[in-house]
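Below are the chains, spelled out letter by letter.
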Amino acid sequence: MDGSTGRVEHGGPPAVVRRARVATATVFAVHGAVTGSFATRVPWFQDHLGIGAGRLGLALALPAVGASLAMPLAGRISHRYGSRAALRALLALWCASLVLPAVAPGMITFCAALAVYGATSGMADVAMNALGVRTEERLGRSIMSGLHGMWSAGALTGSVAGTVAAHANTDARVHLGLAAGVLVLLGAVVCHWVLDLRAEPEEHPPPRFSAPPRSALAIGAVGFCAVFAEGASLDWSAVYLRDVVGSGAGVAAGCTTAFACTMAAARLAGDAAVRRFGPVRTVRAGGALATAGGVLVVAGGSAVPVIAGFGLLGLGIAVVVPLAFAAAGRSGPEPSRAIAGVATITYTSGLVAPAVIGQIANASSLTVSFALVTAGAAGLVAGAGVLRAPVRAATSGRAAAAVERR
């Protein structure tokens, strides 16, 4: 019996749970590969439709809008069909939606395609994170950072394949169609081994649309700070190196790539730190690292300290979002609703961060913009306590010990 989600049909033996962990990690990688594949073909979309940067920027806000609106539906779908069937269907829809922007004949259909792309992304995101939290509980040890590390690895893999396709002048409709087919097939196969959680007959389904529960707001605020720093660094680090430090284009672009790789590596290794120190101390230490990195970015006058600062920012914030999802999943009787609430807040942060940084830079300077990022990183140190796991009865001595450590 799962105290908040229902019975487990196929959870049982530890070997099955370990297999479910590998399958869930692969699901995260598939989800990330879709994002990486899409990102590399944005210039093709712009050229194909003949639109300017302003109209493209407005269109690219629609995936976050679609995701925020649709994410609350994921819990209801999982409640009705079970976690395995729901994840299989939502992941397939997300992978298939990769084709839609490429085949859109005009701006209106392109915007509609991006909204659908975002909606399917958000629902699959909530379903896989909820399942990741439940798998973590059955293993009795932290795995969420590693799962998100697999997402980052998948995104990097998708972006590498997309870069190769772009350099080969492959039509995006061909590239994304092939990528979607492969990823749909891989997702359908690996979903066979994820945990199958089902609601009890008397359990009421979650609402179709609802505000985030109160328990998710403080957790979401911590996630907001981390995603704001991530979005700002990914979108503006190269510009910062070029305009503030005076670095060449190659060094500037390399800084962004290094930041993404640092985050992926830190997430893959982050579970070991969480198991040893617990989520609160891990995030406080990460916040301190990220704050030090922000200070280096703001105060550094040459490429080396600024690049090192962005590296420390990536290391410091890497595990925050995975731990925020894990904390949301443990925060109340409706884990999918809480995870959807945290996801909505973090998606919003990722949406507004690049624009806020740009507006502040336009009014003052990029240095002032990253002073704000540094202040947000310091907020992680102050707010880490909301990620503390509740101490509750566990089904085994191992799980109880793990809860106590957290």
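Okay, so let's go over this structure. Given the structure is predicted, the values throughout are model-derived calculations rather than measurements.

### What about the environment of Ser-247?
Moving on, step 1. Along the chain, Ser-247 falls in the loop between α11 (214–245) and α12 (249–299).
Moving on, step 2. Ser-247 sits in the buried class, given a relative accessible area of 13%.
Moving on, step 3. The spatial distance from the C-alpha of Ser-247 to the C-alpha of Ser-302 is 8.3 Å, given a sequence separation of 55 residues.
Moving on, step 4. Apart from residues no more than four positions distant in its own chain, Ser-247 is found in contact with Leu-241, Arg-242 and Ala-303.

### Remarks on the packing of aromatic side chains
Moving on, step 1. Overall, the coordinates contain nine aromatic pairs when judged by the stated rule.
Moving on, step 2. Centre to centre, the rings of Phe-310 and Phe-370 are 5.5 Å apart; their planes meet at 90°, and the pair counts as edge-to-face. Separated by 60 residues along the polypeptide, Phe-310 in helix α13 (residues 303–317) and Phe-370 in helix α16 (residues 366–383) bring together distant segments of the chain.
Moving on, step 3. One aromatic cluster is present, formed by Phe-38, Trp-44, Phe-45, Trp-94, Phe-110 and Tyr-117 through successive ring pairs.

### Examining the pattern of salt bridges
Moving on, step 1. One pass over the full model with this rule turns up six salt bridges.
Moving on, step 2. Between Arg-134 and Glu-137 there is a salt bridge, with its nearest N and O atoms 2.7 Å apart. Highlighted residues: Arg-134 and Glu-137, both in helix α8 (residues 107–139), separated by three residues, approximately one helical turn.
Moving on, step 3. For Glu-137, a relative accessible area of 23% translates into the label partly exposed.

### Regarding the environment of Leu-296
Moving on, step 1. In this fold, Leu-296 is placed in helix α12.
Moving on, step 2. Exposure remark for Leu-296: the relative accessible area of 32% places this residue in the partly exposed category.
Moving on, step 3. A sequence separation of 12 residues divides Leu-296 from Ala-308, and the C-alpha atoms of the two residues are 7.4 Å apart.
Moving on, step 4. With sequence-adjacent residues up to four places away left out, Leu-296 is seen in contact with Pro-305, Val-306, Ala-308, Gly-309 and Leu-312.

Thresholds, definitions, all that
Each chain has its residues counted from 1, running along the sequence as written. Reporting in this predicted model follows two pLDDT cut-offs: at least 70 for local features of residues, and 80 or more for side-chain atom pairs to be given and counted; totals over whole chains, interfaces and linings ignore these cut-offs and use all residues. In computing side-chain properties, one takes all heavy atoms of the structure into account and sets aside hydrogens as well as water. The helix and strand labels rest on DSSP assignments: H or I over at least four residues marks a helix, E over at least two residues marks a strand, and numbering proceeds from the N terminus. Summary of the burial criterion: residues with accessible area below 20% of their type's maximum are buried, those above 50% are exposed, and those between are partly exposed, where the area comes from a 1.4 Å probe applied to protein chains only. In what follows, residue pairs with any heavy atoms lying within 4.5 Å of each other are defined as contacts. Between rings of Phe, Tyr and Trp, where Trp is taken as its six-membered ring, a pair exists when centres lie within 6.5 Å; planes separated by under 30 degrees are stacked, by over 60 edge-to-face, and by other angles tilted. Throughout this description, the term salt bridge denotes a Lys or Arg side-chain nitrogen within 4 Å of a carboxyl oxygen of Asp or Glu.

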